[in-house]
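Structural characterization, general
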Amino acid sequence: MVRLNRRLLPIKAHFFFFMAAMGPILPQLSVIGKQIGVPPDVMGYITAALPLLYVLAKPLVGFLADYFTSLRKFIFIALILIMTLAFAGFYFLPDNSHFIPLAEGSAQWNVTLLGNPNDCNAIIQSSKAFCQTTHQAKCIQEKEVGEFSALIVANESGLNLNQNLLHGNESYHICLTQPATIDWINASCEVRHVNSCIYGAGKFWLFVCLLCIGIVGFNVTNSISDACCFDLLGDEEQEKYGAQRVWGTIGFGATAMLAGIVVNWWTTDAVKSLTPALIIMCVFSLLDLFSVSKLKLPKLGGSESIWSDVWQLVRKPPILVFLFFATMAGIIDSFIIYFMFWHLEQVAEATGYMHQIKLIEGLVVAAECLAGEVPFFFYSGKIIKKLGYVHCMSMCFFFYAVRLSLISWIPNPWYLVGVELFFQGITYALCYTCIVAYASAVAPPGTSATVQGLMAGMDDGLGFSIGSLIGGLMFKSLGGRESFKYFAIAAICTCVAHIVIRPTSRKRQFLPKQGYAPPTEQEIKQPPAQEMDEIRLG
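Residues numbered from 1 in each chain as written. Predicted model: local features only at pLDDT ≥ 70, side-chain atom pairs only at ≥ 80, totals over all residues. Heavy atoms only, no water.

In this section: the pattern of salt bridges. Tallied over the full model, the rule gives four salt bridges. Residue E190 is joined to R192 by a salt bridge in which the shortest nitrogen-to-oxygen separation is 3.4 Å. Residue class for R192 comes out buried when judged on its relative accessible area of 16%. (Salt bridge = Lys/Arg side-chain N within 4 Å of Asp/Glu carboxyl O. Buried < 20%, exposed > 50% of the residue type's maximum accessible area, 1.4 Å probe, protein only.)

As structure tokens, then:
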């Protein structure tokens, strides 16, 4: 008969409610940006800058939690509240309806000019409906070098402009923003949102501010959650971390699927309303605040010099090597997290599945969490104990390469459900547990939150920043399929490098917690207790 450990019930409840609140929102962040007209490369710049904030925020807040031990619960609750209010602010983003919809923020049009365009009239840019009726374009005649810059204006502008451009079955007005001599009939135009309508609009900067506060709040809270969980478990039960964290996966997957179904039912338009997702988030955030208020965190002995102890730790070669590969894991994860759904929606548009896209996205996240992550989080402690950190990380990088290759291949969106079902657990779940468990194993007494913040800062901080920047640029220039293919190549190269480099650093890769000792074939001769203390103190 399974015995319920009441002492750990509040931390299980926290993981469940906390991640359940995020399930409807986190996978949709890039889609929200897309819906307000943010191009993929600009979204990449934003998501690249964000992790730099929590590279600093995670260790800093972790230090505060370690230093002011009596205020840990208050810091915890404040972070959750700030994060929830920031994401709830997406509800107040102004409507971005446009009379000339562009699915990806830009589009390539083959057009027919019904007359030579003239210079743009000043009344177009002074129109109150300018941003809802106008796009900018760069047009070039087929097999010609010259190009001209123009504005394309919808009929709904109400300015009685002549319709001198034909695209498909629709006619528009086109005018020149720069003087040019045009004597063309057919042309190819790259059409995109007017820059001033995106970056000069309050909704863009409101989106950026809310995204910054919400994402930083989520990531810092996640790091503090891990530190508190390991503190509650103590040295003897470290391998039970995955059994606590798995409840977060269950919550995330359940609400992601629920939100996908509800949003799909709530709105029938191509642009879906996020209102149901925000309501689900707020309900579970309130339940999370209640569960955290019931946490009984143990009284811990503090470190006399937190920064000095942590600095002595990160100077050691095996720790530096581990931090490097944790950063590589973050680079790969960030590309999947921020651009997988963008790629999925491109595939959906090409194959005619856009009417089912939110349902598919919800099922993808449910497959990742409920079937993919649950078993690997639950058994991660035993897997790490059996294989050791080195082999676990190498295995994760290998399966990242397989996963990325399959994502680049999917012929229609439904295939992604199966890919994520089989590969999310053995990549993200096992790799994440390996990183946080290692951080707990090597953290000097009284520095758990600081070391967790540092390790996580390299993984989903610096790693996410680099991955988002590179991913955004690649996605714009190469498209989704080619970008995922190149990331797959990078993942297999990282796997080989990890196999070659990590074992060379094992002579001093001490693992002080017995619950995560290396297996027999990787056994490391431990120094005596007194010498171990000298190593740890530097």
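Since the α-helix packs 3.6 residues into each turn, any two residues three or four apart lie on the same face. In this model helix α4 (residues 72-88) runs 25 Å from its N-terminal to its C-terminal C-alpha over 17 residues, within 8% of the 24 Å that 1.5 Å per residue would give. Listed in full, the buried residues belonging to α4 are R72, I75, F76, L79, I80, M83, T84, A86, F87 and A88. (Helix = DSSP H or I, 4+ residues; strand = E, 2+ residues; numbered from the N terminus. Expected span 1.5 Å × (residues − 1).)

We now examine the sheet that holds strand β1 (residues 106-113). Spatially, six strands are ordered β1-β4-β5-β3-β2-β6 in a closed barrel, and the strand pairing comes out antiparallel. This sheet shows a mean twist of 40 degrees between the axes of neighbouring strands, independent of strand direction. Note that β1 and strand β6 (residues 186-193) share seven bridges and pair antiparallel. Looking at the pairing, V111 lines up with A187 of β6. (Pairing = 2+ DSSP bridges. Axes fitted to C-alpha atoms, helices over the stretch in contact; angles between N-to-C directions.)

Before going further, it helps to examine the state of the cysteines. Following the criterion strictly, the structure yields two disulfides and no others. Each sulfur in the disulfide pair C120 and C175 lies 2.0 Å from the other. Measuring handedness by torsion sign, the sulfur bridge of C120 and C175 sits at about 90 degrees and is right-handed. One end of the pair, C120, is in the loop between β1 and α5 (122-125); the other, C175, is in strand β5 (residues 170-176), and 55 residues separate them in sequence. By relative accessible area, which is 21% here, C120 ends up partly exposed. Here C139 connects covalently by a disulfide to C189, the sulfurs 1.9 Å from one another. Judged by the sign of its S-S torsion, about 110 degrees, the bond between C139 and C189 is right-handed. Pair noted here: C139 is in strand β2 (residues 134-140) and C189 is in strand β6, with a separation of 50 residues, a long-range link. Judged on exposure class, the residue C139 and its partner C189 are both buried. (Disulfide = S-S within 2.5 Å.)

Another aspect to go through is the confidence of the model for the protein chain. Of all residues in the protein chain, 79% have pLDDT values of 70 or greater, and the mean over the chain is 77. The weakest mean pLDDT in the protein chain belongs to helix α17 (residues 529-537) at 43; the strongest belongs to helix α16 (residues 480-501) at 90. Per-residue pLDDT stays below 50 along residues 300-304; that stretch engages in nine contacts with residues further than four places along the chain or on separate chains. Below a pLDDT of 50 lies the segment residues 505-538, which in the model reaches 64 contacts outside its immediate sequence neighbourhood of four places, other chains included. (pLDDT = per-residue confidence, 0-100. Contact = heavy atoms within 4.5 Å.)

Let us look at helix α1 (residues 9-22). Here α1 contains 14 residues, and its C-alpha end-to-end distance of 20 Å stays within 8% of the 20 Å for a straight helix at 1.5 Å per residue. Within α1, ten of the 14 residues are buried, leaving the element largely enclosed by the surrounding structure. Of all the residues in α1, the buried ones are P10, I11, K12, H14, F15, F18, M19, A20, A21 and M22.

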